[in-house]
Amino acid sequence: MQKFDTKVQHLKYKVLREVARSAFNDTLLEDFAEIPKKIVPKNEPTMRCCIYKERAIVQERMKMAMGGNVANPNVIEVMTIACDECPVGGYEVTDSCRGCIAKRCHDACPVNAITFDKQHHAHINKEICKECGRCAQACQFSAIRNYKRPCQSACKVNAISMNGEGRSALIDNEKCIACGACVYRCPFGAIMDKSYITEVIAMLKDAKKNGTKVYACVAPSIAGQFSYAKLGQIITAIKELGFTDVKEVAFGADIVAFSEGAELAEKGKLTSSCCPAFVSYIEKFHPRALPYVSHNLSPMGALGQYLKEREPDCKTVFIGPCTAKKAEIKKPSVAKYIDSAITFEELQALIDSRDIDVNSLPEDELNDASFYGRIFARSGGLTGAARRAIEEQGIDFEVIPATCSGIDECRMALLKLSKGVLKENFIEGMACEGGCINGAGCLTHVNYEKAKLKVDTHAKQAYDSIKTALEKADVK
């Protein structure tokens, strides 16, 4: 059985698995009240006040597993009933305060929120404090710390705040880039990404009934996942679920690399368009950089376009590590090519809902893409592919990359670009640190180097030329 990083992930998986099982059996409505009892048995302890609240939270998780709140356009949602345990964050004075004479913290505070007791120990008036952080910067003992909630610390775009009572988290959809960092970091699992597994199951059942084709478009980062089985067995398991075939999004990356490399050489300066959270970050926070964003679809979109042009009536489902892909497939430019998207977490739930013994399955293979398409999964891979694509097309251009791993690095590169001081000519932007192999929808995040090694090993088994991969697929 696959081991998850946290018990929160495992709980989420169990809900997804049972919802998927009922959806396959056409008993979801009948089972809606019974699934919480199965996941939270009466004789087992609960971390909540009682099993009834725990079961109520499970029902909210079930709603998220069935698509969430349709009135909310964001794919990331807060389950208010589950978000009530974290203490209110903010700046607090610790026991390290020495009651010094300088009192720089007091002098630095612009709203006079700091007072002192008889022992000269500093105190912060939360009703006045604006959380500017100047007191913490001024204290030479580092006695003032900012205790942010885990979700707020995880969010690099400051899209999360607290409601009026300071208890439940609120997501500002105008700022959120759907990267899913808060989903993984919330210790209570109170923030979740909407799941589209029920619509995927409907596609698979329809395909079985009517003979339509449903293609699984798997992200190249799959090579670093599912450590309990061989990759070939996972591919077979996906087909056992009812998918017509499994296609590599890495092949879409080959298509993108060839086009993006030529575009970079033509324009002279470019930012990648492969990471939807990075593109969303540019749209919302650095709009002046939009003219530099590559015109290409993401590898997912490019693969979907390739499949739909050849089989217009087929269905395509992206399977990968990315919650932002669930937002990307709603864009008009992508929606016509990709019908749905699920994460690796959700794939695991689908497999187990059908009681598929993965380890007993024979190995199938993937043979669509090049080495360079497959290394898109990790930081630096996109740049390597762009270089190779330019070389294979005989274009005389030197790629000078700003390889940005995580939003903080993306922010710095985009600020330099906006000020005209960016020395590099290509920004490879990845919202997740380390790239897609560390996406929010991964099964595990604890061993980046191991996942990177697996991706690179898998890549070495592919075509050694991007042009070869495209010619094999008859892409002109």
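Everything below is about the structure shown above.
In short, a report on the structure. (Residues numbered from 1 in each chain as written. Predicted model: local features only at pLDDT ≥ 70, side-chain atom pairs only at ≥ 80, totals over all residues. Heavy atoms only, no water.)

1. Side note on helix H12 (residues 276–285)
Judged by how many residues are buried, H12 sits mostly within the fold: seven of ten residues are covered. Among the residues of H12, those classed as buried are Pro276, Ala277, Phe278, Val279, Ser280, Tyr281 and Ile282. Buried residues along H12 sit in contact with strand E11 (270–271), helix H14 (324–328), helix H19 (407–419) and strand E15 (426–430). (Buried < 20%, exposed > 50% of the residue type's maximum accessible area, 1.4 Å probe, protein only. Helix = DSSP H or I, 4+ residues; strand = E, 2+ residues; numbered from the N terminus. Contact = heavy atoms within 4.5 Å.)

2. Describing the environment of Ala207
As for its placement among the helices and strands, Ala207 is situated in helix H9 (residues 197–210). Along the backbone, Ala207 and Arg134 are 73 residues apart, and their C-alpha atoms lie at a distance of 60 Å. Those residues in contact with Ala207 that sit more than four places away from it in its chain are Thr212 and Val214.

3. Section: the environment of Asn112
Mapped onto the elements of the fold, Asn112 is located in the loop between helix H5 (104–108) and strand E3 (114–116). Between the alpha carbons of Asn112 and Ala440 there is a distance of 41 Å; along the sequence they are 328 residues apart. Other than its neighbours up to four places away in sequence, Asn112 contacts His106 and Ile128.

4. Some points on the sheet that holds E11
Strand order across the open sheet formed by three strands is E11-E15-E14, with parallel pairing between neighbours. Here the strands that pair on one side only, and so sit at the sheet edges, are E11 and strand E14 (401–405). Here E11 runs beside E15; their pairing, made up of two bridges, is parallel. Bridging from a neighbouring strand, Thr271 pairs with Ile427 of E15. (Pairing = 2+ DSSP bridges.)

5. So, the pairing of strand E13 (residues 340–343)
Going residue by residue along E13, you find Ser340 and Ile342 tucked away on one face and Ala341 and Thr343 tucked away on the opposite face as well. In the sheet, strand E12 (residues 315–320) pairs with E13 via four bridges, with the strands oriented parallel. Considered in E13, the bridge of Phe318 is made with Ala341.

6. A few points about the state of the cysteines
Within the structure shown, the criterion is met by zero disulfides. Just so you know, Cys155 is unpaired, no disulfide at all, and the nearest cysteine sulfur is the one on Cys179, 6.4 Å from it. Cysteine Cys314 is unpaired, with the sulfur of Cys217 as its nearest cysteine sulfur at 8.1 Å. Looking at Cys314, the relative accessible area reads 3%, which means it is buried. (Disulfide = S-S within 2.5 Å.)

7. Things to note about unusual backbone geometry
Residue Glu131 is not a glycine yet carries a positive backbone phi of 55°. In this structure, Glu131 sits in the loop between strand E4 (122–124) and helix H6 (134–138). Assessed through its relative accessible area of 45%, Glu131 is described here as partly exposed.

8. A short note on the sheet that holds strand E10 (residues 245–248)
Here four strands make up an open sheet; going across it, the order is E10-E9-E12-E13 and the pairing parallel. Edge positions in the sheet fall to E10 and E13, since each of these pairs with one other strand and no more. The average angle at which neighbouring strand axes cross in this sheet is 30°, direction not considered. Against the sheet, H9 engages strand E9 (214–218), E12 and E13, with an angle of about 120° to E13. Along the sheet, helix H16 (residues 344–353) contacts E12 and E13; its crossing angle with E13, the most-contacted strand, is approximately 85°. (Axes fitted to C-alpha atoms, helices over the stretch in contact; angles between N-to-C directions.)

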